[in-house]
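Below are the chains, spelled out letter by letter.
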There are 2 protein chains.
Amino acid sequence: MNYPKSIRNLIECFKKLPGVGEKTAERLALSVINFDENVIELFSSSIKDVKYKIKKCSICNNLTEEDTCDICRDESRDSSVLCVVEEAKNSILFEKMGSFKGRYHVLNGLISPLDGIGPDDINLDKLVSRVESEGVKEVILALKPSIEGETTSLYISKMLSGKGVKVSKIAQGIPMGADMEYIDILTLEMALEDRKEISN
Amino acid sequence: MNYPKSIRNLIECFKKLPGVGEKTAERLALSVINFDENVIELFSSSIKDVKYKIKKCSICNNLTEEDTCDICRDESRDSSVLCVVEEAKNSILFEKMGSFKGRYHVLNGLISPLDGIGPDDINLDKLVSRVESEGVKEVILALKPSIEGETTSLYISKMLSGKGVKVSKIAQGIPMGADMEYIDILTLEMALEDRKEISN
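Note that this is a predicted model, so its numbers are computed, not measured.

**With respect to the overall build of chain A**
In step 1: The secondary structure content of chain A amounts to eight helices and six strands.
In step 2: Relative to a compact globule of 200 residues, whose C-alpha radius of gyration would be 16 Å, chain A shows 22 Å and is clearly more extended.
In step 3: Seen through its C-alpha atoms, chain A measures out along the principal axes to roughly 70 × 45 × 35 Å.
In step 4: If you take every contact in chain A between residues at least 6 apart in sequence, the share linking residues at least 24 apart comes to 47%.

Below, the structure is given as C-alpha cells:
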C-alpha cells in the first residue's frame, strides 16, 4: 500500500523541481490537499501557462508573453545603454533595484568549452546587430565572476572593439554587509586592485 | 517591470508551499518552463486531483480516492491489531517498513490544549467504536515522543482501559546509527529505563 494515485503522481512531479527530493516532494504534495480551491485552480492553470505562453522576446531574449518584452516596448527606456546578463532572472534583479533605465540583452548562458557551449550558442550575434542598429553607446557586462563569466566578458569586449561602443563591467569587490574575515582571497585581491580614491 | 503574469502567478502559488520562500519559488517557477509537455499535463492535473479526489477513509481516516482505503478493504490484514498514528503520512512509513500486517487508525493530529485541540477533535470516538465492534485485541500507539504525543497516548490508554484490549506503545530509545555523543539526555534516560536483558 502506498499513497493514492493522484498523490503519487503529484509527488513525482514535485520531484522534478530542482533541489526537491522524495521526502520534500511528499511534504509538498500533502500540503496541496489543504489549499483553497482558488489557489488550486491558479496553480494548475499557471503551470500550463508558464509552459505554453512564455516566449523569448524577439529583441532582447527576455521572458515575455508577447512578441517583445515590456522593456523593449517601453519607449522611455534609454536605448543607448545595453546591460548584458546571463539569463532572464538577472534582468529582473536589475529591475528590482530600479535605478537602471537602459535596456537589456539576455544571453543563453555563458561560454563554457567544457560543457560544449561556444560563442555561437549564447545569442551573441544578435548583440552585435543590436549594437550596430540601435545607436548603442555603452554595453554594460553584468555576468557572474566565474571562469565562464570572465571568458564571456572578454569575448564580448573583443567582439565589440572597433565598433565605437564603450564596453564596461560591473564592479567586483567586497559585498555590502560582508564580514571581512570571511572574504575569500580572490575577492580581496580584486577589491584591492580596483580600489577607489576617496580623498587626496 | 517584473516577470510576465503567468510566471508571477506560479511564483505566488509555489510560495504557498511549506518552506518555500520568494527566491526558491522564483527558481522553481522558472524551472517549470523547461519541463516536458507530458510532465506539465500531469503536474497541472494532479494538483486538481489531489484536491478534488482525495478523501478520508470512512473507517480509519487514512487518505484514499475511494470511500475506504486499500488497507481497510484488504481482507488479509489482521483486524485484531490497530496501529494508531498521528497523520496519514505515518501509516505510509509503516507500510514502507512492510512487516506490520494489522490495520491503522489515523488521528487528526494530537491533543494540544495550548493550540485548543482537545480529545474531541482528533477522531478518538471512532477509535473506541472500532475497538468495540471490530474484535480488536491490541492497540499499538505510534505517536511522536513529544508532550502532545505522550498526552494523547496517555489519554487513549485511559480511554480504552476496561475494554479488554491490550494497549502498547512503540519503543523509545536510541535510534539506529546514532552517535552516542549526540544523544540527548531525555532519550538516554528513556533508553536506560527501558533497557532489555540480553543474557543472564
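**Some words on the packing of helix H1 (residues 5-15) of chain A against helix H3 (residues 37-53) of chain B**
In step 1: The contact between H1(A) and H3(B) brings their axes to 8 Å, and the two run at 140 degrees. Between H1(A) and H3(B), the interaxial angle falls into the category oblique. Judged by the sense of rotation from one axis to the other, the crossing of H1(A) with H3(B) is left-handed. Of H3(B), the residues touching H1(A) (which contributes A:Ser6, A:Ile7, A:Asn9, A:Leu10 and A:Cys13) are B:Val39, B:Leu42, B:Phe43, B:Ser46, B:Ile47, B:Asp49, B:Val50 and B:Lys53.
In step 2: A per-class count over the contact of H1(A) with H3(B) returns eight nonpolar, three polar and two charged.

**Description of the relation of the copies chain B and chain A**
In step 1: The two copies are related by a screw motion: chain B maps onto chain A through a turn of 180 degrees and a shift of 0.0 Å along the axis, at an RMSD of 0.1 Å. Each copy turns onto its partner about a two-fold axis. The rotation axis passes nearest to the C-alpha of B:Ser44 in chain B, at a distance of 2.2 Å.
In step 2: Mapped onto chain A, 98% of the interface residues of chain B are again interface residues, and the two copies thus contact each other with one and the same surface.

**Focus on the interface of chain B and chain A**
In step 1: Between chain B and chain A, the contact holds 44 residues from the first and 43 residues from the second.
In step 2: When residues of the side of chain B that touches chain A are traced back to their parent elements, those giving at least two are helix H1 (5-15), helix H2 (22-32), H3, strand S2 (63-64), helix H4 (70-73) and helix H5 (88-97) of chain B.
In step 3: Ranked by residue count, the leading element in the side of chain B that touches chain A is H3(B), at 13 residues.
In step 4: For the side of chain B that touches chain A, the class distribution of residues is 24 nonpolar, seven polar and 13 charged.

**So, the sheet that holds strand S4 (residues 103-106) of chain B**
Residue and element names in this part refer to chain B.
In step 1: Taken together, the four strands give an open sheet; going across it, the order is S4-S3-S5-S6, and neighbouring strands pair in parallel fashion. Edge positions in the sheet fall to S4 and strand S6 (166-169), since each has one partner strand and no second. Taken over all neighbouring pairs, the strand axes of this sheet differ in orientation by 25 degrees on average, direction set aside.
In step 2: Alignment of strand S3 (residues 81-85) against strand S5 (residues 138-141), held across four bridges, turns out to be parallel. For Val 84, the partnering residue across the bridge sits in S5 and is Leu 141.
In step 3: Packed onto the sheet, helix H7 (residues 147-160) meets S3, S5 and S6 and runs at close to 170 degrees relative to S6.

Reading the values: the criteria
Residues numbered from 1 in each chain as written. Chains lettered and ligands numbered in written order. Predicted model: local features only at pLDDT ≥ 70, side-chain atom pairs only at ≥ 80, totals over all residues. Helix = DSSP H or I, 4+ residues; strand = E, 2+ residues; numbered from the N terminus. Rg over C-alpha atoms; globule rule 2.2 N^0.38 Å. Contact = placed C-beta atoms within 7 Å. Axes fitted to C-alpha atoms, helices over the stretch in contact; angles between N-to-C directions. Parallel < 35°, antiparallel > 145°, perpendicular 65-115°, else oblique. Left-handed = near helix turned anticlockwise from the far one by under 90°. Nonpolar A, V, L, I, M, F, W, Y, C, P; charged D, E, K, R; others polar. Least-squares fit on C-alpha atoms with pLDDT ≥ 70 in both. Pairing = 2+ DSSP bridges.

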